[in-house]
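Overview (structure and organization)
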Amino acid sequence: AVAGAPLPRNTVLHGDCIEVMANLPEASVEFILTDPPYLCNYRDSQGRTVANDNDPRWLEPAFAEAFRVLKDDAFCVSFYGWHEADRFITAWRKAGFRLAGHVMFPKRYASSSRYLAARHEAAYVLTKGRPPLPAEPLPDVLPWAYTGNRLHPTQKPLAALTPLIQAFCPAGGLVLDPFCGSGSTLVAAQALGRD
């Protein structure tokens, strides 16, 4: 974004998310909801992979930029790779985020099996500053519906994202998803009257 130019809204900005966010004004978005690579070298049964899922160098600079562009007293919800939780938490804290909650999404199916059958997704609720407490807090266990992963190998269902946007982004607010994937966050935001 050019200094003094209006912030782009209802737009997909293609490119490296660190470089794209570096060009956004400071404190310009009301909510961040994102599903970054989990650092697990993901490969689905069809052979599809996720870019940069085998290289953690993007993690700290991406969340530093996310923190910078998020308004004060606002929320970021980030999915993460459980096996690299310490690396994610370190990056979030280093950026300035405060861990404010943890959300679980139980699945009716196993997305992978090793020592355990992976039947859930998880995300951390992070804050920049101290947003006011909600009158009706969101439960920390939310429903999950399988998407078929037709558009992206790790596509998130709209039904899982919608309550997060409703709870943590004001009406008419601007939602940012630096790791856009299939665009589910964008579709959910638009359906809820957020940009």
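First, a word on scope: everything that follows refers to the structure included in this document. (Residues numbered from 1 in each chain as written. Predicted model: local features only at pLDDT ≥ 70, side-chain atom pairs only at ≥ 80, totals over all residues. Heavy atoms only, no water.)

Once that is clear, we can look at the overall build of the protein chain. Helix and strand counts for the protein chain stand at five helices and seven strands. Reading the protein chain from its N terminus to its C terminus gives the helix and strand order α-β-α-β-α-β-β-β-β-α-β-α. Relative to a compact globule of 195 residues, whose C-alpha radius of gyration would be 16 Å, the protein chain shows 16 Å and is just as compact. Its C-alpha atoms give the protein chain principal-axis dimensions of about 50 × 35 × 30 Å. Per-residue burial for the protein chain yields a buried fraction of 45% across its 195 residues. For the protein chain, the proportion of contacts with a sequence separation of at least 24, taken over those separated by at least 6, is 70%. (Helix = DSSP H or I, 4+ residues; strand = E, 2+ residues; numbered from the N terminus. Rg over C-alpha atoms; globule rule 2.2 N^0.38 Å. Buried < 20%, exposed > 50% of the residue type's maximum accessible area, 1.4 Å probe, protein only. Contact = heavy atoms within 4.5 Å.)

In this section: the packing of aromatic side chains. Counting across every chain of the model gives 14 aromatic pairs. Here the aromatic cluster, defined as three or more aromatic residues joined through ring pairs, consists of Trp-58, Phe-63, Tyr-80, Phe-88, Trp-92, Tyr-124 and Phe-179. (Phe/Tyr/Trp six-rings, centres within 6.5 Å; stacked < 30°, edge-to-face > 60°.)

Next up on the list: the packing of helix α2 (residues 59–69) against helix α3 (residues 85–95). Between α2 and α3, the least distance of the axes is 8 Å, while the angle of their chain directions is 40°. Taken as axis vectors, α2 and α3 run oblique relative to one another. Note that α2 runs across α3; the crossing there is right-handed. Residues Leu-59, Glu-60, Phe-63, Ala-64 and Phe-67 of α2 touch α3, and the partners they reach there are Arg-87, Phe-88, Thr-90, Ala-91, Trp-92, Lys-94 and Ala-95. Considering only residue class, the contact of α2 with α3 consists of eight nonpolar, one polar and three charged. (Axes fitted to C-alpha atoms, helices over the stretch in contact; angles between N-to-C directions. Parallel < 35°, antiparallel > 145°, perpendicular 65-115°, else oblique. Left-handed = near helix turned anticlockwise from the far one by under 90°. Nonpolar A, V, L, I, M, F, W, Y, C, P; charged D, E, K, R; others polar.)

With that out of the way, let us pick up the pairing of strand β1 (residues 29–34). Buried residues dominate β1, accounting for six of its six residues. Bridging between β1 and strand β2 (residues 70–79) involves five bridges; their strand directions are parallel. When the sheet's bridge partners are listed, Ile-32 is paired in β2 with Cys-76. Regarding the hand of the β-α-β motif, the stretch spanning β1, α2 and β2 is right-handed. (Pairing = 2+ DSSP bridges. Right-handed = clockwise from strand over helix to strand, strands pointing away.)

By the element assignment, Thr-127 lies in strand β6 (residues 120–128). According to the relative accessible area criterion, Thr-127 is buried, its value standing at 1%. At 3.2 Å, the side chain of Thr-127 forms a polar contact with the backbone oxygen of Gly-129. What Thr-127 contacts, discounting residues up to four positions off in sequence, is Ala-74, Phe-75, Gly-96, Phe-97, Arg-98 and Ala-100. (Polar contact = N/O pair within 3.5 Å; in protein donor to acceptor, adjacent residues only side chain to side chain.)

Moving on, we come to unusual backbone geometry. Unusually for a residue other than glycine, Leu-39 sits at a positive phi of about 65°. Mapped onto the fold, Leu-39 is located in the loop between β1 and α2. Owing to a relative accessible area of 10%, Leu-39 belongs among the buried residues under this scheme. Positive phi, close to 55°, is recorded for Asp-73, a residue that is not glycine.

Before going further, it helps to spend a moment on the packing of helix α4 (residues 158–168) against helix α5 (residues 184–191). Between α4 and α5, whose axes approach to 9 Å, the crossing angle comes to 55°. Our classification of the angle between α4 and α5 gives oblique. In this structure, α4 crosses over α5, and the sense of that crossing is right-handed. Contact with α4, carried on its side by Leu-158, Leu-161, Thr-162 and Ile-165, involves Ser-184, Thr-185, Val-187, Ala-188 and Ala-189 of α5 and no other residues of that element.

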